[in-house]
Amino acid sequence: MMKQLFPIRHVMGFLASLVLSVAALAVIYLDLSNSANMAILLITALIQASLQLFLFMHIGESADTKKELYLNIAYALFVGLVTIFGTLFIFVWGWYA
């Protein structure tokens, strides 16, 4: 009974997220080239994003709400990209009044 109630997948996902965060943090302390640093950061970011989506946001669990999940992810990506490029547009490229 207790084995069914204990969220082992969530605990393992949390530990994997911690390990990936430490691996990304190691970029600061290791003396690697810029391309190696970017490769490590990109790989750990992609793995951690997929880990978060599948374990904690339950993207693969129900087929009936799959359309809403992908629509929410697309909207979140849109808002994130608008925020990033809007900030670059205003502050970096100097397009402000």
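Residues numbered from 1 in each chain as written. Predicted model: local features only at pLDDT ≥ 70, side-chain atom pairs only at ≥ 80, totals over all residues. Heavy atoms only, no water.

Naming follows an unreviewed UniProt entry, where the chain appears as Quinol oxidase subunit 4 of Paenibacillus pseudetheri. UniProt annotates the chain under Catalytic activity (unreviewed entry) with the comment "2 a quinol + O2 = 2 a quinone + 2 H2O". (UniProt positions renumbered as here; feature names shortened; annotations may be inferred.)

Chemist: Lay out the overall build of the chain with the relevant residues and their values.
Modeler: Within the chain one finds 4 helices and 0 strands. Its helices and strands in sequence order give the chain the pattern α-α-α-α, from N to C terminus. Within the chain, contacts between residues separated by at least 24 positions form 49% of all contacts whose residues are at least 6 apart in sequence. As displayed, the chain has an accessible area near 8200 Å², and 76% of this comes from carbon and sulfur atoms. (Helix = DSSP H or I, 4+ residues; strand = E, 2+ residues; numbered from the N terminus. Contact = heavy atoms within 4.5 Å. Areas by Shrake-Rupley, 256 points an atom, 1.4 Å probe, with all protein chains shown as cover.)

Chemist: Could you give me a rundown of the UniProt feature "transmembrane region" (unreviewed entry) in the chain, with the residues and numbers involved?
Modeler: The UniProt feature table records "transmembrane region" (unreviewed entry) at residues 12–30, 36–57 and 69–96. With 95% helix and 0% strand, residues 12–30 has end C-alpha atoms that lie 26 Å from one another. Within the segment residues 36–57, helix and strand shares are 95% and 0% respectively, and the terminal C-alpha atoms sit 30 Å apart.

Chemist: Could you give me a rundown of helix α4 (residues 66–92), with the residues and numbers involved?
Modeler: With 27 residues, α4 should cover 39 Å at 1.5 Å per step; its first-to-last C-alpha distance of 38 Å lies within 8% of that length. Downstream of α4 by a residue or two, Gly94 has a phi angle that is positive, lying close to 75°. (Expected span 1.5 Å × (residues − 1).)

Chemist: Go over a nonpolar patch on the surface, please, and point to the residues and values.
Modeler: Together, Leu81, Ile84, Phe85, Phe89, Ile90, Phe91, Val92 and Trp93 line one region of the surface with nonpolar side chains, adding up to about 860 Å² of accessible area. Positionally, Ile84 belongs in helix α4. Classification of Ile84 as partly exposed rests on a relative accessible area of 48%. (Patch = residues over 30% accessible without salt bridge, like charges linked within 9 Å, V, L, I, M, F, W, Y side chains within 5 Å. Salt bridge = Lys/Arg side-chain N within 4 Å of Asp/Glu carboxyl O. Buried < 20%, exposed > 50% of the residue type's maximum accessible area, 1.4 Å probe, protein only.)

Chemist: Could you give me a rundown of helix α2 (residues 8–29), with the residues and numbers involved?
Modeler: Taking 1.5 Å as the rise per residue, α2 with 22 residues should run 32 Å; its terminal C-alpha atoms sit 32 Å apart, in good agreement. Those residues of α2 that fall on the buried side of the exposure criterion are Gly13, Ser17, Leu20 and Val27. Projected onto a plane normal to the axis of α2, the buried residues spread over an arc of 70° and lie on a single side. Away from its buried face by more than 90 degrees, α2 exposes Val19, Val22, Ile28 and Tyr29. (Arc of directions from axis to C-beta.)

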